[in-house]
Amino acid sequence: MENLSNLDYASYLKGWIRTVPNWPSEGVMFRDITPLLQNPKTFRMLIDIFVHRYMGERIDMVAGLDARGFIIGSVLAYELNVGFVPIRKKGKLPFTTVAEEYELEYGNATVEMHTDAVKPGDRVVLIDDLIATGGTMMAGYKLLQRLGAEVVETAGIIELPELGGGDLMRELNIPLFTVCSFDGH
Ligand code: HSX
């Protein structure tokens, strides 16, 4: 049986992230978290890292970004005994929404949130799987701010430093926590 007691959890979990070269396009190294989620032990360890980080804080809500942010965000919210709100890609939410457009490498994207998803003053953790350019996370951050919420921290599993999103967010004083980072695109 594996001895987990002396383990560097972040490095261990990083080892469960699969790199798929040239997907979805030539030259891209896709960081695939499905092996990490598939193994019940690593899934639990991953969630526990976030739970331990926020369980001593006053948190009112977890917001998750479409789509992998839903997987970890909803479990985190459940464990923290708070509600979960989805921030979705354009056109998926049925009620009135606020929207934020952001730039992708080619073109634009829009994320939306229900106008009653959070209340002014709510303390929110915003979560996604990965920060590359930071565009998605910052769009979610702006939506929450527009509704008057206080984003206690933005959180992810992976940061890709070469794409600059993490540095940009730190420059803008947007609090960011990630479990691990990968060099190379
Ligand atoms: C990927 O792109 C991830 O799941 C994130 O939602 C997003 C991160 O890219 P970026 O907006 O930081 O460039 O699909």
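In case you missed it, the structure is sitting above this.
Given the structure is predicted, the values throughout are model-derived calculations rather than measurements.

Draft legend 1. Representation of the overall build of the chain in the model. The number of helices and strands found in the chain is six helices and ten strands. Relative to its length of 185 residues, the chain is compact, with a C-alpha radius of gyration of 16 Å against a globular reference of 16 Å. Projected onto its principal axes, the C-alpha positions of the chain cover 50 × 40 × 30 Å. Counting every position in the chain, which comprises 185 residues, the buried fraction comes to 47%.

Draft legend 2. Seen up close, the side chain of D128. Residue placement: D128 occurs in the loop between β7 (123-127) and β8 (130-131). It turns out D128 is buried and unbridged, and the closest side chain with the opposite charge, R68, is 5.9 Å from it.

Draft legend 3. Structural context of the pattern of salt bridges. Applying the stated rule across the entire model yields eleven salt bridges. For R146, the salt bridge identified is with E100, shortest N-O distance 2.8 Å. Residue R146 is located in helix α5 (residues 135-146), and its partner E100 is located in strand β5 (residues 97-103); the two are separated by 46 residues in the primary sequence. One salt bridge connects E150 with R123, and the closest N-O pair in it is separated by 3.1 Å. Pair noted here: E150 is in strand β9 (residues 150-159) and R123 is in strand β7, with a separation of 27 residues, a long-range link. Among the residues examined, E150 registers a relative accessible area of 40% and is labelled partly exposed. You can call R123 buried: its relative accessible area is 15%. In the salt-bridge network here, residues are joined through shared partners; they are E57, R123 and E150.

Draft legend 4. Up close: the site of the ligand. The environment of the ligand is made up of R68, D128, D129, L130, I131, A132, T133, G134, G135 and T136. The separation between an oxygen atom of the ligand and a polar side-chain atom of D129 is 2.6 Å. Separating an oxygen atom of the ligand from a side-chain N or O atom of T136 is a distance of 2.5 Å. In the complex, 77% of the free accessible area of the ligand, which totals 360 Å², lies under the protein chains. When each cavity is represented as a set of grid points, the ligand is found to reside in the largest pocket. Among the elements of the structure, β8 and α5 are those that each provide at least two residues to the shell around the ligand. Split by residue class, the shell around the ligand holds three nonpolar, four polar and three charged.

Rules of the game
- Residues numbered from 1 in each chain as written.
- Predicted model: local features only at pLDDT ≥ 70, side-chain atom pairs only at ≥ 80, totals over all residues.
- Heavy atoms only, no water.
- Helix = DSSP H or I, 4+ residues; strand = E, 2+ residues; numbered from the N terminus.
- Rg over C-alpha atoms; globule rule 2.2 N^0.38 Å.
- Buried < 20%, exposed > 50% of the residue type's maximum accessible area, 1.4 Å probe, protein only.
- Lys, Arg positive; Asp, Glu negative; His and termini not counted.
- Salt bridge = Lys/Arg side-chain N within 4 Å of Asp/Glu carboxyl O.
- Near = heavy atom within 4 Å.
- Polar contact = N/O pair within 3.5 Å; in protein donor to acceptor, adjacent residues only side chain to side chain.
- Areas by Shrake-Rupley, 256 points an atom, 1.4 Å probe, with all protein chains shown as cover.
- 1 Å grid on protein atoms, 1.4 Å probe; cavity = no way out; pocket = protein on both sides within 12 Å on 5 of 7 lines; lining within 4 Å.
- Sits in = over half its atoms within 2 Å of the grid points.
- Nonpolar A, V, L, I, M, F, W, Y, C, P; charged D, E, K, R; others polar.

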